[in-house]
Amino acid sequence: MTLFPLAWGRALAPLLRPLRWLVAHAWLRESEIDGVLAWLQPTWRLNRVFARVEGREWVSQDMLALRLRCNGNARGWKAGQHVQLYLVLDGVRHSRSYSLTRVGAGGRIELAIRRQPGGRLSNRLLDHLAVGSVLELGAVGGELHWPAQAGGVALLAAGSGITPLLGLLREALARGFSAPVRLLHYVREAGQCAFVGELRQLMQEYPNFSVSWSLTGVQAPAQFPVGRLCAEHLAGLDGFSLLACGSAGFVESVRSYWAGPLQIEAFTAPARRVEPGSAVQLQFVRSRQAMQGDNAHSLLEQAEAHGLRPAHGCRQGICASCTCTLLAGTVRDLRNGELFAEPGQPIRLCINAPHGDVQIDL
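This one's a predicted model, so the numbers in the text were calculated from it and none came from an experiment. (Residues numbered from 1 in each chain as written. Predicted model: local features only at pLDDT ≥ 70, side-chain atom pairs only at ≥ 80, totals over all residues. Heavy atoms only, no water.)

Details of the sheet that holds strand β1 (residues 49–60)
The condition is simple: For two strands to be treated as a pair, DSSP must find no fewer than two bridges joining them. Secondary structure elements are defined from DSSP: runs of H or I of at least 4 residues count as helices, runs of E of at least 2 residues count as strands, and each element is numbered from the N terminus. Convention adopted: a line fitted to C-alpha atoms gives each axis, helices being fitted over their contacting stretch, and angles between N-to-C directions are expressed from 0 to 180 degrees. Residues count as neighbours in contact if any of their non-hydrogen atoms are within 4.5 Å of one another.
With respect to topology, 6 strands assemble into a closed barrel ordered β1-β2-β5-β4-β3-β6, the strand pairing being antiparallel. Neighbour-to-neighbour, the strand axes of this sheet turn through a mean angle of 45 degrees, independent of strand direction. Of the strand pairs in this sheet, β1 and strand β2 (residues 63–70) are connected by 8 bridges, and their pairing is antiparallel. In the sheet register, R52 faces β2, and the bridge partner there is R69. Sitting on the sheet, helix α5 (residues 162–174) is in contact with β2, β4 (92–103) and β5 (108–114), with an inclination near 30 degrees to β4.

Following this line, the structure appears as structure tokens:
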């Protein structure tokens, strides 16, 4: 049931400030307020971000651009950041992180979602999500930014790594960035080249911008160059700032070839060798489970191995959707080996392993 349109809900958002004060001071419960607001307008919430699907467009054979309009709680979002998207499937709340390819006025945003073979959430979104559906979105993150003072900008993307770079590119060109900009997109097959029509149109509109594609699969049409990233692909970019996004292996290759200003973002966790660990005792308090684990694997891996289903997204410490509270014990950051032992503080399950016996609020 909808008593008024989403645009009215956005306009009426300032009226919710007194309710937020009452919730913050424990006079009201946020869940009860949200229930009433959702009855009035499906996207209306006190603090949480909900959005309505306004459009769908296939931008490659395996990538769909979703145009959404958010309620008034999506504040300060920027193109190039990534946002958590939540969906309940078979009674389980799943989340994944997707890049903002566009942030417009009036709460309008765009996400681009690539099909993942066997992916539960991506396939459901691509095949079944209809215009008019309502989705919940979470926190935004990401540190990629456009180097405004650079003598030139090179964008290197592998697969769906093009999505945050496209968001930054659109805004930079629209603002009048006039230095040379080069985009090189690596995909396995020609059908995976995304946003081709728009990118070619941008080349015609902005003479300082050029784009090329490189296919990394075994077979490729003759009109496409073939080959993985190599040092020769970066020739002629002296004085440029470089932004790269792709798998962990791809961005590490970029790092090895490039000595100039560099920003990177990986959408997969780097491969790590897991050595046999020592036995530790794990307690997941809210689940009332205690079991023997080890100090080598992440808390997320071990919780899943024992049948628990913690919320998670990126599995590499970026999206923070697997954050839980450390109640007791010490954990070790798997990225750098740092120890953390402050009870009552949040930790991310995917990048922390128990250093000894631990208690987790899960």
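Describing the state of the cysteines
Definition in use: The disulfide criterion is simple: two cysteine sulfur atoms within 2.5 Å. Here the term buried applies to any residue with accessible area under 20% of the maximum for its type, exposed to any over 50%, and partly exposed to those in between, with areas from a 1.4 Å probe on protein chains only.
Enumeration according to the criterion identifies 0 disulfides in this entry. C322 forms no disulfide, and the closest cysteine sulfur to it belongs to C350, at a distance of 3.7 Å. Its relative accessible area of 4% is what places C322 among the buried residues.

Here's the deal with the sheet that holds strand β7 (residues 153–158)
Ordered in space as β9-β8-β7-β10-β11, the 5 strands form an open sheet in which the pairing is parallel. The open sheet has two edge strands with one neighbour each: β9 (209–215) and β11 (262–266). Strand-to-strand, the axes of this sheet are offset by a mean angle of 10 degrees, without reference to chain direction. Taken strand by strand, helix α6 (residues 196–205) contacts β8 (181–187) and β9, and its axis lies near 145 degrees from that of β9. Helix α7 (residues 248–257) contacts β7, β8, β10 (241–246) and β11 of the sheet and is inclined by roughly 160 degrees relative to β10.

With respect to the nonpolar core
Short version of the rule: Only buried residues count toward a nonpolar core, which is a set of Ala, Val, Leu, Ile, Met, Phe, Trp, Tyr and Cys residues joined through side-chain atoms within 4.5 Å.
Counting 34 residues, the largest nonpolar core has W146, L155, L169, F195, L199 and F209 as the members making the most contacts within it. Contributing elements (two or more residues each) for this core: β2, β7, α5, β8, α6, β9 and β10. Element by element, the count of residues in this core is highest for α5, at 7 residues. What L155 contacts, discounting residues up to four positions off in sequence, is W146, L165, L169, V181, R182, L183, L184 and L243. If you look at the next biggest cluster of nonpolar residues, it comprises 23 residues, including V53, L85, Y98 and L111.

Things to note about the pairing of β7
Here is the rule: Look down the strands so they point away from you; if the path from the first strand over the helix to the second goes clockwise, the crossover is right-handed.
In terms of residue burial, β7 counts as a mostly covered element, since 6 of its 6 residues are buried. Where burial is concerned, the two faces of β7 agree: the one with V153, L155 and A157 and the one with A154, L156 and A158 are both buried. Note that β7 and β10 share 5 bridges and pair parallel. In the sheet register, L156 faces β10, and the bridge partner there is A244. Looking at chain direction, β7 and β8 are connected through 6 bridges and run parallel. The residue of β8 that forms the bridge with A154 is R182. Assessed by its sense of winding, the connection that carries the chain from β7 through α5 to β8 is right-handed.

Remarks on the environment of Q302
One can find Q302 in helix α8 (residues 299–305). The exposure class of Q302 is buried, given its relative accessible area of 6%. Once the C-alpha coordinates of Q302 and Q292 are considered, the two residues, 10 residues apart in sequence, prove to be 9.5 Å apart.

Re the UniProt feature "domain: FAD-binding FR-type" (unreviewed entry) in the chain
Defined as follows: UniProt positions are given in the numbering used here, feature names are shortened, and annotations may be inferred rather than shown by experiment.
The positions that UniProt labels "domain: FAD-binding FR-type" (unreviewed entry) are, in the present scheme, residues 46–147. With 9% helix and 54% strand, the stretch residues 46–147 has end C-alpha atoms that lie 36 Å from each other.

Concerning a nonpolar patch on the surface
Quick note on the threshold: A patch is a set of surface residues, each over 30% in relative accessible area and not in a salt bridge, joined within 9 Å for like charges and within 5 Å for the nonpolar side chains Val, Leu, Ile, Met, Phe, Trp and Tyr. With residues, only the protein chains shown are counted as cover, and all accessible areas are computed by Shrake-Rupley using a 1.4 Å probe. By definition, a salt bridge exists where a carboxyl oxygen of Asp or Glu is found within 4 Å of a side-chain nitrogen of Lys or Arg.
On the surface, W8, L12 and L15 cluster together into a nonpolar patch covering about 340 Å² of accessible area. Tracing the backbone shows L12 in the loop between α1 (6–11) and α2 (17–24). Since its relative accessible area comes to 31%, L12 is described here as partly exposed.

Some details on the packing of α5 against α6
Put simply, the test is: The scheme is simple: roughly parallel for angles under 35 degrees, roughly antiparallel for over 145, roughly perpendicular for 65 to 115, oblique for anything else. Handedness of a crossing is defined here by the sense of rotation of the near helix relative to the far one, left-handed for an anticlockwise turn of less than a right angle and right-handed for a clockwise turn.
At their nearest, the axes of α5 and α6 sit 12 Å apart, and the two run at 30 degrees to each other. Relative to α6, the element α5 lies roughly parallel. Both α5 and α6 take part in a crossing whose hand is left-handed. From α5, I162, L166, L169, R170 and L173 reach across to α6, where they touch E198, L199 and L202.

Quick look at helix α3 (residues 30–40)
Convention followed: This arc is taken over the directions from the axis of the helix to the C-beta atoms.
Listed in full, the buried residues belonging to α3 are I33, D34, L37 and L40. Projected down its long axis, α3 carries its buried residues within an arc of 115 degrees, all on one side. Elements in contact with the buried residues of α3: α2.

Examining the side chain of Q81
Our working definition: In the analysis that follows, any N or O atom pair within 3.5 Å is treated as a polar contact, provided that within protein one partner can donate a hydrogen and the other can accept it, and provided that, for residues neighboring in sequence, both atoms belong to side chains.
Within the element layout of this structure, Q81 appears in the loop between β2 and β3 (82–89). Only 2.8 Å separates the side chain of Q81 from the backbone nitrogen of K78, close enough to count as a polar contact. Those residues in contact with Q81 that lie beyond four places of it in its chain are G76, Y98, S99, L100, V140, G141 and G142.

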